[in-house]
Amino acid sequence: MKHLKTDRVELHLGLEKPIKILHITDIHISFADDRDEEKWLEFAAHRREIFFKEGRRPERDPAGYLMEAMEYAKEFDCTVITGDLIDFNSYANYDAATEILAGKDYMFTPGSHEFCPNNFERKAERWDEMQQLFRGDMEFESRLVGGVNVITMDNSYYVWTQKQFDMLKAEVSRGYPILLFSHVPYDCPFLTHEQTGIVPPEGAKELTVEMNEYIKNQPLIKGIFTGHYHRLEYVQSGYKPHPCYIGPSLFTGCVGVITID
Ligand SMILES: [Fe+2]
Ligand SMILES: [Fe+2]
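Reading the values: the criteria
Residues numbered from 1 in each chain as written. Chains lettered and ligands numbered in written order. Predicted model: local features only at pLDDT ≥ 70, side-chain atom pairs only at ≥ 80, totals over all residues. Heavy atoms only, no water. Donors = N, O, S within 2.8 Å, 3.2 Å for Na, K, Ca; no water. Tetrahedral: all angles 85-135°; square planar, octahedral: opposite > 155°, others 65-115°. Pairing = 2+ DSSP bridges. Helix = DSSP H or I, 4+ residues; strand = E, 2+ residues; numbered from the N terminus. Contact = heavy atoms within 4.5 Å. Axes fitted to C-alpha atoms, helices over the stretch in contact; angles between N-to-C directions. Parallel < 35°, antiparallel > 145°, perpendicular 65-115°, else oblique. Left-handed = near helix turned anticlockwise from the far one by under 90°. Nonpolar A, V, L, I, M, F, W, Y, C, P; charged D, E, K, R; others polar. Phe/Tyr/Trp six-rings, centres within 6.5 Å; stacked < 30°, edge-to-face > 60°. Salt bridge = Lys/Arg side-chain N within 4 Å of Asp/Glu carboxyl O. Buried < 20%, exposed > 50% of the residue type's maximum accessible area, 1.4 Å probe, protein only.

Undergrad: Looking at this structure, I do not really get the coordination of the iron ion (ligand 2). What am I missing?
TA: Metal coordination angles have textbook ideals: 109.5 degrees for a tetrahedral set of four donors and 90 or 180 degrees for an octahedral set of six. The protein atoms that coordinate the iron ion (ligand 2) are Asp-84 (OD), Ser-112 (OG), His-183 (NE2) and His-228 (ND1), at distances of 2.2 to 2.3 Å. Every donor counted, the four donor atoms about the iron ion (ligand 2) form angles of 89 to 156 degrees at the centre, which fits irregular coordination. Here the donor residues of the iron ion (ligand 2) share one chain and are spaced in sequence as D-x27-S-x70-H-x44-H. Between the iron ion (ligand 2) and the iron ion (ligand 1), both coordinated by Asp-84, there is a metal-metal distance of 3.4 Å.

Undergrad: Looking at this model, I keep getting lost on the sheet that holds strand β1 (residues 5-11). Mind explaining?
TA: Strands belonging to one sheet form pairs held by backbone hydrogen bonds; the direction of such a pair is parallel or antiparallel. The strand order across the open sheet formed by five strands is β1-β11-β2-β3-β4, and the pairing between neighbours is mixed. Of all the strands in the sheet, the pair left with one neighbour each is β1 and β4 (107-108). Note that β1 and strand β11 (residues 254-260) share seven bridges and pair parallel. Bridged to Arg-8 within β11 is Val-257. Strands β1, β2 (19-24), β3 (78-81) and β11 of the sheet are contacted by helix α2 (residues 62-72), whose axis makes an angle of about 170 degrees with β2.

Undergrad: Can you help me understand the coordination of the iron ion (ligand 1) in this one?
TA: Around the iron ion (ligand 1), the protein contributes the donor atoms Asp-26 (OD), His-28 (NE2), Asp-84 (OD) and His-230 (NE2), at 2.0 to 2.2 Å from the metal centre. In this structure, the iron ion (ligand 1) is coordinated by four donor atoms arranged in irregular fashion, with angles at the metal of 87 to 168 degrees. When the donor residues of the iron ion (ligand 1) are listed from N- to C-terminus, their spacing reads D-x1-H-x55-D-x145-H.

Undergrad: How should the packing of helix α5 (residues 162-172) against helix α6 (residues 204-216) be read in this particular structure?
TA: What describes two packed helices is the angle between their axes and the distance between those same axes. The N-to-C vectors of α5 and α6 enclose an angle of 15 degrees; their axes lie 10 Å apart at closest approach. With respect to α6, the axis of α5 lies roughly parallel. Considering how the two elements wind past one another, α5 and α6 form a crossing that is left-handed. For the pair formed by α5 and α6, the contact residues are Gln-162, Gln-164, Phe-165, Leu-168, Lys-169 and Val-172 on the first element and Leu-207, Glu-210, Met-211, Tyr-214 and Ile-215 on the second. In terms of residue class, the contact of α5 with α6 is made up of seven nonpolar, two polar and two charged.

Undergrad: How do you make sense of the packing of aromatic side chains when you look at a structure like this?
TA: When we look at a pair of aromatic rings, we describe it by the centre distance and by the angle of the planes. Under the defined criterion, the tally for this structure stands at 16 aromatic pairs. Ring centres of Trp-40 and Phe-43 lie 5.3 Å apart, and the angle between their planes is 85 degrees; on these two criteria the pair is classed as edge-to-face. Placement of both Trp-40 and Phe-43 in helix α1 (residues 38-54) is noted, with a separation of three residues, approximately one turn of the helix. A ring pair is formed by Tyr-186 and Tyr-239, whose centres lie 5.5 Å apart and whose planes are at 85 degrees; its orientation type is edge-to-face. Remark: Tyr-239 occurs in the loop between β9 (235-236) and β10 (244-248) and Tyr-186 occurs in the loop between β7 (178-181) and α6; sequence separation between them is 53 residues.

Undergrad: I would appreciate a short explanation of the pattern of salt bridges in the present structure.
TA: Opposite charge on two side chains permits pairing when their charged atoms draw close. With the rule as written, the count across this model stands at 14 salt bridges. One salt bridge in this structure joins Arg-35 and Asp-95, with 2.9 Å as the shortest N-O distance. On the criterion of sequence distance, the pair formed by Arg-35 in the loop between β2 and α1 and Asp-95 in helix α3 (residues 91-101) is long-range, its members being 60 residues apart. Among the residues examined, Arg-35 registers a relative accessible area of 41% and is labelled partly exposed. Here Arg-174 and Glu-171 are joined by a salt bridge, their closest N and O atoms 2.8 Å apart. With relative accessibility at 42%, the residue Arg-174 sits in the partly exposed group. Of the residues examined, Glu-171 reaches a relative accessible area of 13% and is grouped as buried.

Following this line, the structure appears as structure tokens:
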């Protein structure tokens with residue numbers, strides 16, 4: 001681990017044997033090549049410059065950090081990537097992502113940048129294309145790790161689906177302590193969509209409010225981990241009562257290390 005920084009969170013759940021989860025978020029790989037429309041070449045360079053400045057002149061580029069993080073992942077019981085792995089849809093970004101992740105074990109939930117531009121129709125159109133790049137099920141996945149139920153749930157456009165709600169309830173009925181991983185913090189003010197201009201499907205906001213209430217009141221949920229806000233280290237979100245952490249962006253060179261005992 002030559003260039004990576006780590007930020008750490010500990011949870012105490014009374015496990016017989018401690019486990020370690022690597023949390024990677026907001027990589028924002030920004031490449032384009034001659035297979036992509038010409039405008040994307042300039043856009044890619046512009047975006048790389050933005051993340052270089054926002055990341056305070058990091059030593060490596062986002063793809064380099066992801067390679068290093070996936071190597072570091074071998075030391076962990078589970079690796080979870082909470083989205084914005086690519087910054088925009090381009091052939092060059094798809095190639096970079098698939099090459100780095102090939103043969104690696106991880107759980108993945110998408111971010112707001114996996115489906116550009118921001119609208120639900122576009123997201124639906126892009127879904128299969130994105131799903132082919134990553135392992136697992138982007139909408140909802142669960143994995144039992146040392147007695148802890150690690151769950152990824154897509155909320156890249158801020159809302160939940162009925163399928164996710166049903167699947168979460170089914171996981172709760174198994175009785176294991178649960179850690180939830182998603183892209184957007186659950187108390188993000190954009191949940192109203194008023195600032196984003198994205199029009200959610202009918203009933204999605206109401207369902208999201210209902211599911212968030214369920215999550216708040218579910219004692220088996222022991223922690224929530226997200227990204228999206230581009231932090232340099234873990235910050236705790238105001239979403240209560242569970243401990244909720246917004247992870248450090250990998251384009252800044254930092255990964256989250258979660259130890260559970
Ligand atoms: Fe992001
Ligand atoms: Fe995001």
